[in-house]
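What follows is each chain in one-letter form.
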Amino acid sequence: MSAGAESIRRLTVADIARMHADGERLPTLTAYDYPTARILDEAGIPMLLVGDSLGQVLLGYDSTVRVTMTEMLHHTAAVVRGSSRALVIGDMPFLSYSTPGEAVENAGRFLREAGATAVKIEGGVRSARTVEALVRAGIPVMGHIGWTPQSQHGLGGKVRVQGKGRDTARALLADAVAIQEAGAFSIVVELVPEQLAAVITSRLRIPTIGIGAGAGCSGQVQVLTDLLGLGTFRPRHARAYADLQGTIGAAARTWAADVMEGRFPGPAESVRMDEATLDEALGRTPDDRATTEPRAGHMAGIPLDRDL
Ligand code: KIV
């Protein structure tokens, strides 16, 4: 390493705890593949969540419950390869943590096979024992309370803000505390009224990472395709910072027109060889060349067998 050059190392949950203690807000983004993980890592995003939202935004499923362990490991490994500093969290898919034993087994695969540093599981009080088992096994855990997409059928099917009533607000507070006490290093709070999310944040030592939960959380997470303007549907709580759908569509249309009009590829995208070597390879003389030179889009001029 040259003098003064800092070696990049991957952030740990201890770094996240220190950043939180220092009052830093924690921006977190979902990431699903190698090239975007590289960009987000270079942009300095400290935590990359390989969310099971990939089922909908990347694979075209109608919900996250269809996502498998194999798919999650495949995408998590790509995000780990694309990043060198960000803490990568693998989202445990539906039914991969039904018992603490199964959770440890599957979470271990995220760390061992895909190279993630932590896993995320949904649920509050009901998941506390599982969080405890994972942490005891040495696996850092991010919790997830409020709207938990894997329970969408149990929660009535429709995406809705959680904790608006007296009892549900109390239950959410209990969920948050249970997950912290079980040993999680952070907790996603999704679709919760901002005042309640702020109270939860103030009562916890660990950082809350909000999505649709107001500005009072310790950090924020967004689904990358929402941020980039690349989805078919953008929820109200998300803000698009780019219009990649428009950019990609325009690039594809311009390229296709260039191909059809013969403007692509041009000299800059093509390779030429020495003409004399080509004459030799084809067994032709420079005089033959004029009659065998191919015209754009035509195969005319290909030498006959006798020429080879
Ligand atoms: O799967 C996901 O992307 C998530 C975030 C929305 C927190 O769970």
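Given the structure is predicted, the values throughout are model-derived calculations rather than measurements.

J.: What exactly am I supposed to notice about the pairing of strand 7 (residues 208–211) here?
T.: Regular strands have side chains that alternate between both faces of the sheet. Burial along strand 7 is two-sided: the face carrying T208 and G210 and the face carrying I209 and I211 are both buried. Looking at chain direction, strand 6 (residues 186–190) and strand 7 are connected through 4 bridges and run parallel. Residue pairing for strand 7: V188 is matched across the bridge by I209. Each parallel crossover has a hand, and the one from strand 6 via helix 8 (residues 194–203) to strand 7 is right-handed. Of the strand pairs in this sheet, strand 7 and strand 8 (residues 219–222) are connected by 2 bridges, and their pairing is parallel. Among the inter-strand pairings, I209 is bridged to a residue of strand 8, identified as G219.

J.: Before we go on, may I ask you to explain the pairing of strand 3 (residues 87–91) in this structure?
T.: For strand 3, the buried fraction is high: 5 of the 5 residues fall into the buried class. Judged by which residues are buried, strand 3 turns out to be covered on both faces: L87, I89 and D91 on one side and V88 and G90 on the other are all buried. Relative to strand 3, strand 2 (residues 47–50) is paired through 4 bridges, and the arrangement is parallel. Bridging from a neighbouring strand, L48 pairs with V88 of strand 3.

J.: What am I meant to see in the domain arrangement of the protein chain here?
T.: Accessible area lost during the coming together of the parts is what is often quoted as the interface size. Segmenting the protein chain into domains produces domain 1 (3–240) and domain 2 (273–308). For domain 1 versus domain 2, the distance between C-alpha centres works out to 61 Å.

J.: Help me understand the side chain of E122, please; the structure alone is not making it clear to me.
T.: Here E122 shows up in the loop between strand 4 (118–120) and helix 6 (128–136). There is no salt bridge for the buried E122, and the closest opposite charge comes from K120, which lies 4.5 Å off by N-O distance. Among residues more than four places away in sequence, those in contact with E122 are Y97, S127, H144, T148, P149, Q150 and S151.

J.: Help me out: how do you make sense of the nonpolar core in this one?
T.: A general feature of soluble globular proteins is that nonpolar side chains tend to end up buried together. Formed by 56 residues in total, the largest nonpolar core has its most connected members in L48, F110, V119, L134, I145 and I200. Residues L11, M47, A118 and I211 belong to the second largest nonpolar core, which totals 15 residues.

J.: Would you mind going over the pattern of salt bridges with me for this structure?
T.: A side chain of one charge can pair with a side chain of the opposite charge when the charged atoms of the two come close. Counted according to the given criterion, the structure contains 12 salt bridges. Of the charged contacts, one joins E113 and R109 as a salt bridge, the two residues approaching to 2.8 Å between their closest N and O atoms. Overall, E113 belongs to the partly exposed group, its relative accessible area being 47%. When the shortest N-O distance is used, the salt bridge between E181 and R205 registers 3.6 Å. With E181 in helix 7 (residues 166–181) and R205 in the loop between helix 8 and strand 7, this pair connects stretches of sequence that are 24 residues apart. One network of salt bridges, with partners in common, ties together R9, D15, R18 and D22.

J.: How should I be thinking about the packing of helix 5 (residues 100–112) against helix 6 in this particular structure?
T.: Helix-helix packing: each pair is described by the crossing angle between the helix axes and the interaxial distance. The contact between helix 5 and helix 6 brings their axes to 9 Å, and the two run at 45 degrees. Relative to helix 6, the element helix 5 lies oblique. At the point where helix 5 passes helix 6, the crossing takes the right-handed sense. Of the residues in helix 6, those touching helix 5 at P100, A103, V104 and A107 are R129, T130, A133 and L134. In terms of residue class, the contact of helix 5 with helix 6 is built from 6 nonpolar, 1 polar and 1 charged.

J.: How do you make sense of the site of the ligand when you look at a structure like this?
T.: Near the ligand, the surroundings consist of T30, L49, G51, D52, S53, D91, K120, H144, V188 and I211. A distance of 3.0 Å is found between an oxygen atom of the ligand and a side-chain nitrogen or oxygen belonging to D52. Burial of the ligand by the protein chains amounts to 95% of its free accessible area of 260 Å². Of the residues assigned to the shell around the ligand, the class counts are 3 nonpolar, 4 polar and 3 charged.

So, how was this worked out
- Residues numbered from 1 in each chain as written.
- Predicted model: local features only at pLDDT ≥ 70, side-chain atom pairs only at ≥ 80, totals over all residues.
- Heavy atoms only, no water.
- Buried < 20%, exposed > 50% of the residue type's maximum accessible area, 1.4 Å probe, protein only.
- Helix = DSSP H or I, 4+ residues; strand = E, 2+ residues; numbered from the N terminus.
- Pairing = 2+ DSSP bridges.
- Right-handed = clockwise from strand over helix to strand, strands pointing away.
- Domains from an automatic or database assignment.
- Lys, Arg positive; Asp, Glu negative; His and termini not counted.
- Salt bridge = Lys/Arg side-chain N within 4 Å of Asp/Glu carboxyl O.
- Contact = heavy atoms within 4.5 Å.
- Core = buried A, V, L, I, M, F, W, Y, C linked by side-chain atoms within 4.5 Å.
- Axes fitted to C-alpha atoms, helices over the stretch in contact; angles between N-to-C directions.
- Parallel < 35°, antiparallel > 145°, perpendicular 65-115°, else oblique.
- Left-handed = near helix turned anticlockwise from the far one by under 90°.
- Nonpolar A, V, L, I, M, F, W, Y, C, P; charged D, E, K, R; others polar.
- Near = heavy atom within 4 Å.
- Polar contact = N/O pair within 3.5 Å; in protein donor to acceptor, adjacent residues only side chain to side chain.
- Areas by Shrake-Rupley, 256 points an atom, 1.4 Å probe, with all protein chains shown as cover.

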